[in-house]
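Listed here are the chains, written in short residue letters.
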Amino acid sequence: MNNKRIIIIGGGVIGLGIGWQLAKAGAAVTIHERGQAGRGASWAAGGMLGPIAEAHIDELDLLKLSNQSLERYPEWVDELESETEMTIGYRAEGTLIIGINPDDSYQLKHAYNLYKDLGLNVEWLSGQEARKIEGALSPYVTAAIRCETDHQVDNRLMVQALEHAYLGRGGVLQQNSNVEKIVIENGNVTGIQTQDGFQDADVCILAAGCWSGQINGLPDSMIPPVRPVKGQMLALQMREDNMISNVVRTVKARYPMPVYLVPRKDGRLVIGATTEELGFDTDLIVGGIYELLHGAFEAVPSFYDLPLIETWTGLRPGSSDNAPILGKTPVGNLIYATGHYRNGILLTPITAYEISKLILTGETPETIAPFHLDRFSDE
Ligand code: FAD
Ligand code: GLY
């Protein structure tokens, strides 16, 4: 197996994560990244590892996969940090989902009951109890759900560490290499076409985020149903006397829109995000930033005085059922690892471990079996 030439299209967390695991096992891997590695959705993300806070009652397979990935995070962090001697900002303080008026409390209670029915690890808190955990929360906070196991990682540090680890294991990274076409002959992938010509491969992994459906050469029935979902984000710089340490998320029964506040170890506070179906548009909009700040100040009024240090947008790779598309396809040796939508940072370890296992053994691990492309065939 190890002498097979493996090409990965896309150098985000997913491509780099799989590439690292394969290179570590001794495989010959080349990642083709059309820009700079790790600067797509993987750079834009909030870094929340939040299977509970992002859970939907009709997405139980995804919840299971998310929990399995979360369980593997400590091992992933240890492996990555010790191999690179870099830190990736993993924080395990947890997440508070807060309500700021009686309507929010009602909505929170409904969510809490659903979480309980699903057997998730959540705790109901009064507003006062929530403020005991995070003293900076607004006096208007009415109630909260504590998700002690919903953690976070600094996704920007993680992509940099992944690139370092991948290269350290002998992986090849071709940046500014645009994959124009996946070449298929007699039902098998034979390579890719870039601006520099044909590159042959025994195995090809499509991990091009929200652009995965745009590469030529795939039969129509195999174009992955992945679309861009825009998120506007911003960052403030917290001061030592004005900080939070848990991830704080608002639930909003009414306006402003729900927001999340993700405190990094270096005092940076990431605030997100809008969810916009606007194709590949990446404009920052005054209204979006206003909504984010409005939501954040309702949660933590003292943040009003903090410096605004960055604004940006990113494009989530959303699939038609919000779950990733993982594993074998009808084309021989063409593997998909895309469509991770809102949870790609959370799902990186399970994707990297299981897709590399699939390639090294030829067997689909049970964990990812429900996420094949063929689940869309009946649509
Ligand atoms: P990307 O990081 O987008 O990487 C794909 C790469 O493929 C890009 O670098 C691109 O240049 C390259 N590429 C595309 N086409 C080609 C081509 N033809 N040839 C060569 N290269 C190509 N997830 C969480 O778990 N927690 C969060 O808190 C969270 N917050 C988010 C907030 C926002 C605003 C956004 C946008 C996303 C968020 N996500 C979050 C989701 C997460 O960021 C994504 O699911 C994840 O980064 C997807 O990783 P990826 O490697 O598939 O995609
Ligand atoms: N998971 C957070 C986001 O997608 O905005």
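The coordinates are above.
Let me sum up the structure you'll find in this document. Bear in mind the structure is a predicted one, so any value in this text is a computation, not a measurement. (Residues numbered from 1 in each chain as written. Chains lettered and ligands numbered in written order. Predicted model: local features only at pLDDT ≥ 70, side-chain atom pairs only at ≥ 80, totals over all residues. Heavy atoms only, no water.)

## Remarks on the nonpolar core
Then step 1. Ile6, Tyr73, Trp76, Leu80, Met158, Ile205 and Ile355 are the most contacted members of the largest nonpolar core, which totals 49 residues.
Then step 2. Where this core is concerned, the elements lending two or more residues are β1 (5-9), α1 (13-24), β2 (28-32), α3 (60-84), α6 (155-168), β12 (203-206), β19 (334-338) and α8 (348-361).
Then step 3. Here Leu80 is in contact with Trp20, Ile88, Met158, Ala161, Leu162 and Ala165, once residues within four sequence places are set aside. (Core = buried A, V, L, I, M, F, W, Y, C linked by side-chain atoms within 4.5 Å. Buried < 20%, exposed > 50% of the residue type's maximum accessible area, 1.4 Å probe, protein only. Helix = DSSP H or I, 4+ residues; strand = E, 2+ residues; numbered from the N terminus. Contact = heavy atoms within 4.5 Å.)

## Description of the site of ligand 1
Then step 1. Not every one of the 38 residues close to ligand 1 is listed here, only the nearest: Glu33, Ser42, Met48, Arg342 and Leu346.
Then step 2. Here ligand 1 has 1000 Å² of accessible area as a free molecule, and 98% of this is covered by the chains.
Then step 3. When residues of the shell around ligand 1 are traced back to their parent elements, those giving at least two are α1, α2 (41-44), β13 (226-237) and β17 (308-319).
Then step 4. For the shell around ligand 1, the residue count by class is 18 nonpolar, 16 polar and 4 charged. (Near = heavy atom within 4 Å. Areas by Shrake-Rupley, 256 points an atom, 1.4 Å probe, with all protein chains shown as cover. Nonpolar A, V, L, I, M, F, W, Y, C, P; charged D, E, K, R; others polar.)

## So, the site of ligand 2
Then step 1. The local shell around ligand 2 consists of Met48, Glu54, Tyr260, Ala273, Arg316 and Arg342.
Then step 2. Within the side chain of Tyr260, one N or O atom sits 2.6 Å away from an oxygen atom of ligand 2.
Then step 3. Isolated, ligand 2 exposes 200 Å² of accessible area, and the fraction of that covered by the protein chains is 91%.
Then step 4. Taken together, the residues that form the shell around ligand 2 break down as 3 nonpolar, no polar and 3 charged. (Polar contact = N/O pair within 3.5 Å; in protein donor to acceptor, adjacent residues only side chain to side chain.)

## Things to note about the packing of α1 against α8
Then step 1. In the contact formed by α1 and α8, the axes pass within 8 Å of each other and the chain directions differ by 50 degrees. Viewed along their axes, α1 and α8 adopt a mutual orientation that is oblique. For the pair α1 and α8, the crossing hand works out as right-handed. Across the interface between the two elements, Val13, Ile14, Gly17, Ile18, Gln21 and Leu22 of α1 pack against Thr348, Thr351, Ala352, Tyr353, Ile355, Ser356, Ile359 and Leu360 of α8.
Then step 2. For the contact of α1 with α8, a count of residues per class yields 9 nonpolar, 5 polar and no charged. (Axes fitted to C-alpha atoms, helices over the stretch in contact; angles between N-to-C directions. Parallel < 35°, antiparallel > 145°, perpendicular 65-115°, else oblique. Left-handed = near helix turned anticlockwise from the far one by under 90°.)

In short, the description is geometric, and any link to function would need to be established separately.
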